[in-house]
Amino acid sequence: IAGITQAPTSQILAAGRRMTLRCTQDMRHNAMYWYRQDLGLGLRLIHYSNTAGTTGKGEVPDGYSVSRANTDDFPLTLASAVPSQTSVYFCASSDGASGESEVYEQYFGPGTRLTVT
Amino acid sequence: DQQVKQNSPSLSVQEGRISILNCDYTNSMFDYFLWYKKYPAEGPTFLISISSIKDKNEDGRFTVFLNKSAKHLSLHIVPSQPGDSAVYFCAANSGNTGKLIFGQGTTLQVKP
């Protein structure tokens, strides 16, 4: 079982370019999330999706968009990259079963290290 | 403003001793707290959690304590091992949406 896969592993991107970070899970989890990790700031939520077909904004959504066409995939798009989007990006998923404490346990992918120059 | 704070960026302990990682929060509506562990070049992995109706949860060498009146939780690792060296994040749930709010992280180094 792969869990969550992310691609690419790392990328150097010129400012102004468009980039899509891919995320796929094979656990049939309802909810998926995108975070960015920056030194001294921890993990900050960019966007999330509670179920296929729905998305929501997190703490730092500006400059990013997501889609959730099916249960397994949750791509994150930077329409026009800027240097402040240099970060490590993590995708995560959770079961989201209503009423269960495990709804809060999220499983993370290995991350994508993005450098915008 | 940071709703979940880990005020110690780093901690160094000797192998075999106790490691205590601290976390403070500001939102009294948080009702579930988690600790994640992260090794370099890997994603965070779930370690242990606690519900707000409890004040302690134990899993092997790891124990999490919750003090709701002080809005404070701590992770105790006893005995500490070199393999515990990692970044530790505490997180709190935001309502019942499943969204988590993370602290800044504390880098633990366990010296042999």
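Everything quoted here is computed from the prediction, not taken from an experiment.

What counts and how
- Residues numbered from 1 in each chain as written.
- Chains lettered and ligands numbered in written order.
- Predicted model: local features only at pLDDT ≥ 70, side-chain atom pairs only at ≥ 80, totals over all residues.
- Heavy atoms only, no water.
- Helix = DSSP H or I, 4+ residues; strand = E, 2+ residues; numbered from the N terminus.
- Rg over C-alpha atoms; globule rule 2.2 N^0.38 Å.
- Patch = residues over 30% accessible without salt bridge, like charges linked within 9 Å, V, L, I, M, F, W, Y side chains within 5 Å.
- Areas by Shrake-Rupley, 256 points an atom, 1.4 Å probe, with all protein chains shown as cover.
- Salt bridge = Lys/Arg side-chain N within 4 Å of Asp/Glu carboxyl O.
- Buried < 20%, exposed > 50% of the residue type's maximum accessible area, 1.4 Å probe, protein only.
- Contact = heavy atoms within 4.5 Å.
- Buried area = accessible area lost by both parts, 1.4 Å probe.
- Polar contact = N/O pair within 3.5 Å; in protein donor to acceptor, adjacent residues only side chain to side chain.
- Pairing = 2+ DSSP bridges.
- Axes fitted to C-alpha atoms, helices over the stretch in contact; angles between N-to-C directions.
- Disulfide = S-S within 2.5 Å.

Student: Is there a simple way to think about the overall build of chain A in this case?
Tutor: If you tally the helices and strands in chain A, you get zero helices and eleven strands. Counting helices and strands in the order they occur from the N terminus, chain A gives β-β-β-β-β-β-β-β-β-β-β. Computed over the C-alpha atoms, the radius of gyration of chain A is 14 Å, within 12% of the 13 Å expected from 2.2 N^0.38 for a compact globule of 117 residues. With the C-alpha coordinates aligned to their principal axes, the bounding extent of chain A is approximately 45 × 30 × 25 Å.

Student: Just to check I follow, could you spell out the environment of Ala 2 of chain A for this structure?
Tutor: Here Ala 2 of chain A lies in the segment before strand S1 (4-7). Sequence spacing of Ala 2 of chain A and Met 27 of chain A is 25 residues, and the spatial spacing of their C-alpha atoms is 8.7 Å.

Student: I would appreciate a short explanation of a nonpolar patch on the surface in the present structure.
Tutor: Residue and element names in this part refer to chain B. Taken together, the side chains of Ile 18, Ile 20 and Val 78 present a nonpolar region at the surface, about 220 Å² in accessible area. Among the secondary structure elements, Ile 18 is positioned in the loop between strand S2 (10-14) and strand S3 (19-25). Owing to a relative accessible area of 41%, Ile 18 belongs among the partly exposed residues under this scheme.

Student: I'm lost on the interface of chain A and chain B in this one. Help?
Tutor: The accessible area lost on association of the parts is a frequent measure of interface size. Tallying the contact residues gives 20 residues for chain A and 22 residues for chain B. When the buried surface of chain A facing chain B is broken down by residue, Leu 43, Tyr 104 and Phe 108 of chain A rank first, second and third, together holding 37% of it. Applying the counting criterion to the chain A and chain B interface returns zero salt bridges. For the interface between chain A and chain B, the tally reads one residue pair in polar contact (both at pLDDT 80 or more).

Student: Quick question: what am I supposed to make of the sheet that holds strand S3 (residues 19-25) of chain A here?
Tutor: For sheets, the rule is that strands pair by backbone hydrogen bonds, running either parallel or antiparallel. All names here are of chain A. The four strands are arranged S1-S3-S8-S7 in an open sheet whose pairing can be described as antiparallel. Edge positions in the sheet fall to S1 and strand S7 (64-66), since each of these pairs with one other strand and no more. Adjacent strand axes in the sheet meet at a mean angle of 20 degrees when their direction is disregarded. The sheet contact formed by S1 and S3 spans four bridges and is antiparallel.

Student: Looking at this structure, how should I read the sheet that holds strand S6 (residues 56-59) of chain B?
Tutor: Residues and elements named next belong to chain B. Spatially, S1-S3-S8-S7-S6 is the arrangement adopted by the five strands of the open sheet, whose pairing is antiparallel. Whereas interior strands pair on both sides, the edge strands pair on one side only; in this sheet they are strand S1 (4-5) and S6. The pairing of S1 with S3 spans two bridges and is classified as antiparallel. Across the sheet, the residue bridging to Val 4 is Tyr 25, located in S3.

Student: Where do I start with the side chain of Lys 37 of chain B in this structure?
Tutor: Relative to the assigned elements, Lys 37 of chain B resides in strand S4 (residues 32-38). In contact with Lys 37 of chain B, not counting residues within four places along its chain, are Gly 43, Pro 44, Thr 45, Gly 83, Asp 84, Ala 86, Val 87 and Tyr 88 of chain B.

Student: Teacher, can you tell me more about the state of the cysteines here?
Tutor: Each disulfide is one covalent bond, formed between the sulfur atoms of two cysteines. Summed over the entire model, instances satisfying the criterion amount to two disulfides over all chains. Through a disulfide, Cys 23 of chain A is tied to Cys 91 of chain A; the S-S separation comes to 1.9 Å. Taking the sign of the S-S torsion, -70 degrees for the link of Cys 23 of chain A and Cys 91 of chain A, the bridge is left-handed. With Cys 23 of chain A in strand S3 and Cys 91 of chain A in strand S9 (residues 87-94), this pair connects stretches of sequence that are 68 residues apart. Covalently, Cys 23 of chain B is tied to Cys 90 of chain B through a disulfide, its sulfur atoms 1.9 Å apart. Residues Cys 23 of chain B and Cys 90 of chain B are joined by a disulfide whose S-S torsion is about 65 degrees; by sign, that bridge is right-handed. Taken together, the positions of Cys 23 of chain B in strand S3 and Cys 90 of chain B in strand S9 (residues 86-93) put the pair 67 residues apart, joining distant regions of the chain.

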